[in-house]
Amino acid sequence: MLLAGGQGSRLYALTNNIAKPAVPFGAKYRIIDFPLSNCINSGIDTVGVLTQYQPLVLNEYIGNGQPWDLDRNFGGVHVLSPYQKKAKSAWYEGTANAIYQNLNFIKMYNPVYVLILSGDHIYKMDYSDMLKAHIDKQADCTIAAIEVPLKEASRFGILNTREDGSIYEFEEKPKQPKSTLASMGIYIFTAEKMYQYLEQDEENPDSSKDFGKDVLPAMLNAGEKMFAYLFEGYWKDVGTINSLWEANMDLLGENPAFDVSDSEWKIHSRNPLAPPEYLGANASVRNSMIALGCEVYGSVENSLLSSNVVIEEGASVSDSVIMSGTVIKSGARIRYSIIDENVVVDSDVCVGEEKGKGITVLGRNITVGKGAVVKGGEIIDKNIEAGVKI
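Residues numbered from 1 in each chain as written. Predicted model: local features only at pLDDT ≥ 70, side-chain atom pairs only at ≥ 80, totals over all residues. Heavy atoms only, no water.

1. Remarks on the pattern of salt bridges
- With the rule as written, the count across this model stands at 15 salt bridges.
- Where R30 meets E341, a salt bridge forms, and the shortest distance between an N and an O atom there is 3.4 Å. Placement of R30 in strand β3 (residues 29-30) and of E341 in the loop between β25 (337-339) and β26 (344-345) is noted, with a sequence separation of 311 residues between them.
- Look at R30 and you get buried, because its relative accessible area is 15%.
- Residue R364 is joined to E341 by a salt bridge in which the shortest nitrogen-to-oxygen separation is 3.1 Å. Of this pair, R364 sits in the loop between β28 (360-362) and β29 (367-368) while E341 sits in the loop between β25 and β26, and the two are 23 residues apart along the sequence.
- Judged by relative accessible area, R364 falls into the buried class, the value being 17%.
- Counted as one network, the salt bridges with shared partners bring together R30, D340, E341 and R364. (Salt bridge = Lys/Arg side-chain N within 4 Å of Asp/Glu carboxyl O. Helix = DSSP H or I, 4+ residues; strand = E, 2+ residues; numbered from the N terminus. Buried < 20%, exposed > 50% of the residue type's maximum accessible area, 1.4 Å probe, protein only.)

This is how it looks when you write it as structure tokens:
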């Protein structure tokens, strides 16, 4: 069960009209490609995707699940939105309530174990290894966890464990964390236990209907067998502008921090219908990813261009993420920026500044007029007139 209904408010203009898991990433992907690919690579062929906030793009993108080999007669991928019931209608009130509202879907397949995932993290993980650990320890709940720096630990749910990995305390975003073992928001439940605690939580009027705040502490307090599963690979929560930019940059270089070209663990995506990319006679491209349909006549360095981007001659793009359909006209200079889909940056525009001034963001479907200047760290979601300085 893949929780993909998040608004992603800390991504500001990038999620004004789409859900966070649908945000483009890494020149040819969307964020949700990573958990979906992990599922099929792990041998999981029945996936419920729970959507809520601005689901149109995400629903269209997932479609019948064919790119991830999830177009099955039995199982496959199912998009699950909140729906009207006889007794009452309600949006998903929290992560636990979202799963509770879809228990009928889960029970259709009569599972022994249920995997709960977040749809907005970048990582590669074999869930079958985690399931094996869950079964071997006869656990009621297993929580994937990763070591984080102490200064960041207060952003996460923190697991305090014994030597055998069993959890004795769960702290939700503590001000003074006792350990640096952070929950990744990935849970495996023995199905019957999950049903029991979700039903109890739903009946509790004081509950916030959240796994981290309510269900997991309730299981721990009741003495259920709960274990941490230590994950040691690359994992990034791309919930902020800086973390999204950093995760994109982690794909670059001869030895990237996160390798999407790994033939042993392919990341599947829905590819656009577009011709091959074209590099003009005077184009300069260094340490960059260029997707199908791009036309580059200018300079691109340390950047990622999604499909059908045009960089005109005399334009320069460095240390930036440019999403599909955007046009950067001659003389424009883009530095340390994220530019969303279908943006037109007119000639002689300057967007962004040198490192340390913040990542500049331009939202989708806007035009930046000739000669305009947008300084570092600005987040823009409206058209900018020619010559304006922001």
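Okay, back to it.
2. Quick notes on the layout of surface pockets
- What the largest pocket holds in volume is close to 1,200 Å³.
- The wall of the largest pocket is formed by 39 residues, among which T95, S118, D120, K173 and D210 lie closest to the centre.
- Sorting the residues of the lining of the largest pocket by element identifies α3 (95-100), β6 (113-118), β10 (167-172), β11 (181-190), α7 (211-221) and β13 (235-237) as the ones contributing at least two each.
- If one sorts the elements of the lining of the largest pocket by residue count, β11 sits on top with four residues.
- The class makeup of the residues in the lining of the largest pocket is 13 nonpolar, 16 polar and 10 charged. (1 Å grid on protein atoms, 1.4 Å probe; cavity = no way out; pocket = protein on both sides within 12 Å on 5 of 7 lines; lining within 4 Å. Points joined across faces, edges and corners; volume = space filled by probe spheres on them. Nonpolar A, V, L, I, M, F, W, Y, C, P; charged D, E, K, R; others polar.)

3. Considering the nonpolar core
- Within the largest apolar cluster, 66 residues are counted, with the highest numbers of intra-cluster contacts made by I32, V49, M125, I186, L244 and I338.
- Tallying contributions element by element places helix α8 (residues 241-249) first for this core, with five residues.
- Residues within four places of V49 in sequence aside, it is in contact with L2, A4, I32, L36, I62, V77, H78, V79 and L80. (Core = buried A, V, L, I, M, F, W, Y, C linked by side-chain atoms within 4.5 Å. Contact = heavy atoms within 4.5 Å.)

4. Description of the sheet that holds β29
- Sheet architecture is open: six strands sit in the order β14-β17-β20-β23-β26-β29, paired in parallel fashion. Unpaired on one side and paired on the other, β14 (278-279) and β29 mark the two borders of the sheet.
- For strand β17 (residues 295-296) and strand β20 (residues 310-311), the ladder comprises two bridges, and the chain directions are parallel. Opposite V296, over in β20, you have I311 as the bridge partner. (Pairing = 2+ DSSP bridges.)

5. Points about the sheet that holds strand β27 (residues 350-351)
- Sheet architecture is open: six strands sit in the order β15-β18-β21-β24-β27-β30, paired in parallel fashion. At either end of the open sheet lies a strand with only one pairing partner, and these are β15 (284-286) and β30 (373-374).
- When β15 meets strand β18 (residues 299-301), the two strands line up parallel, connected through three bridges. Within β18, the residue paired with S284 across the bridge is S299.

6. Quick word on the packing of aromatic side chains
- Throughout the structure, instances matching the rule amount to 15 aromatic pairs.
- Relative to W235, the ring of F156 lies with its centre 6.0 Å away and its plane at 50°, an arrangement referred to as tilted. You can see F156 sitting in the loop between β8 (141-147) and β9 (157-161) and its partner W235 sitting in strand β13, a full 79 residues away along the chain.
- Note on Y187 and F211: the rings are 5.5 Å apart at their centroids and 45° apart in plane angle, and the pair reads as tilted. Taken together, the residues Y187 in strand β11 and F211 in helix α7 connect sequence positions 24 residues apart.
- Judged by relative accessible area, Y187 falls into the buried class, the value being 9%.
- The ring of Y61 carries R30 above its face, with NZ or CZ at 5.3 Å from the centroid.
- Above the face of the Y195 ring, K107 is positioned so that its terminal group lies 4.8 Å from the ring centre. (Phe/Tyr/Trp six-rings, centres within 6.5 Å; stacked < 30°, edge-to-face > 60°. Lys NZ or Arg CZ within 6 Å of the ring centre and 35° of its normal.)

7. Re the packing of helix α6 (residues 191-203) against α7
- Running from N to C, α6 and α7 cross one another at 120°; their axes reach a closest spacing of 10 Å. It follows that α6 is oblique to α7 by the angle criterion. Classified by chirality, the crossing of α7 by α6 is right-handed. Note on element contacts: α7 touches α6 through F211, D214, V215, A218 and M219, opposite K193, Y197, L198 and D201.
- Of the residues that constitute the contact of α6 with α7, the class distribution is six nonpolar, no polar and three charged. (Axes fitted to C-alpha atoms, helices over the stretch in contact; angles between N-to-C directions. Parallel < 35°, antiparallel > 145°, perpendicular 65-115°, else oblique. Left-handed = near helix turned anticlockwise from the far one by under 90°.)

8. Points about unusual backbone geometry
- Phi is positive for K173, close to 50°, though the residue is something other than glycine.
- Residue placement: K173 occurs in the loop between β10 and β11.
- A positive phi is found at N342, a non-glycine position, where the angle reads about 60°.
- Looking at where N342 falls in the secondary structure, it is placed in the loop between β25 and β26.

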